[in-house]
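Structural characterization, general
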Amino acid sequence: GAKPTEVVNFPNLSTEQDIMAIAEMRASEVFPFQKWGPGTGIVLQLHDGLYVEVPEGLADWAVAELSRCMTIEVPGCPVPFTCEAKAGYTLADL
């Protein structure tokens, strides 16, 4: 009873989730929950995005580190999965 688009998309979506799990594990080592106080570290994960809260003075460092954590090379896949992180004061800025 599955819809054809669900059947076709399943391998892609499940692979994306596996790649995001790797990225989130890497990022959790760099941005652990409450590392710089309440409400800091990884604060949100949405589908293919991670959101971290860091002190303002660490924004440039956090952008570089999050990009590094979320760039994944999968063995056998010729194209790496890359990330373009950016900084902002609110989710609306991103």
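Everything that follows concerns the structure shown earlier in this document.
Since the structure is predicted, the reported quantities are computational estimates derived from the model, not experimental observations.

**A look at the packing of aromatic side chains**
What the rule picks out here adds up to three aromatic pairs. Relative to W61, the ring of F31 lies with its centre 5.5 Å away and its plane at 55 degrees, an arrangement referred to as tilted. Separated by 30 residues along the polypeptide, F31 in the loop between α1 (4–30) and β1 (41–46) and W61 in helix α2 (residues 59–69) bring together distant segments of the chain. Residue F31 is classed as buried on the basis of its relative accessible area of 0%. By way of ring pairs, the aromatic residues F31, W36 and W61 are connected into one cluster.

**Structural notes on the pattern of salt bridges**
Summed over all chains, the structure comprises one salt bridge. For R68, the salt bridge goes to E65, with nearest N and O atoms at 2.8 Å. Of the two residues, R68 and E65 both sit in helix α2, three residues apart, roughly one turn of that helix. Judged by its relative accessible area of 45%, R68 is partly exposed.

**A look at the state of the cysteines**
Considering all chains together, one arrives at zero disulfides under this definition. The cysteine C77 is free of any disulfide, with C83 supplying the nearest cysteine sulfur at 17 Å. Free cysteine: C83, not disulfide-bonded; nearest cysteine sulfur from C69 at 9.1 Å.

**Things to note about the packing of α1 against α2**
Each pair of packed helices gets described by two things: the angle between the helix axes and the distance between those axes. One can describe the packing of α1 onto α2 by two numbers: an axis separation of 8 Å at closest approach and a directional angle of 145 degrees. Considering how the two elements wind past one another, α1 and α2 form a crossing that is right-handed. Packed against α1, whose contacting residues are A23, R26, A27 and V30, the element α2 presents W61, E65, L66, R68 and C69 at the interface.

**Structural notes on the side chain of S67**
Residue placement: S67 occurs in helix α2. In this view, S67 contacts C83, E84 and A85; residues no more than four positions away in its chain are not counted.

**Considering unusual backbone geometry**
In the Ramachandran plot, Q34 falls in the positive-phi region, its phi being about 65 degrees despite a non-glycine side chain. By the secondary structure assignment, Q34 is in the loop between α1 and β1. The partly exposed category is assigned to Q34, whose relative accessible area is 41%. A positive phi angle, close to 50 degrees, is found at H47, a residue other than glycine. With respect to the helices, strands and loops of the structure, H47 is situated in the loop between β1 and β2 (49–53).

Calculation notes
- Residues numbered from 1 in each chain as written.
- Predicted model: local features only at pLDDT ≥ 70, side-chain atom pairs only at ≥ 80, totals over all residues.
- Heavy atoms only, no water.
- Phe/Tyr/Trp six-rings, centres within 6.5 Å; stacked < 30°, edge-to-face > 60°.
- Helix = DSSP H or I, 4+ residues; strand = E, 2+ residues; numbered from the N terminus.
- Buried < 20%, exposed > 50% of the residue type's maximum accessible area, 1.4 Å probe, protein only.
- Salt bridge = Lys/Arg side-chain N within 4 Å of Asp/Glu carboxyl O.
- Disulfide = S-S within 2.5 Å.
- Axes fitted to C-alpha atoms, helices over the stretch in contact; angles between N-to-C directions.
- Left-handed = near helix turned anticlockwise from the far one by under 90°.
- Contact = heavy atoms within 4.5 Å.

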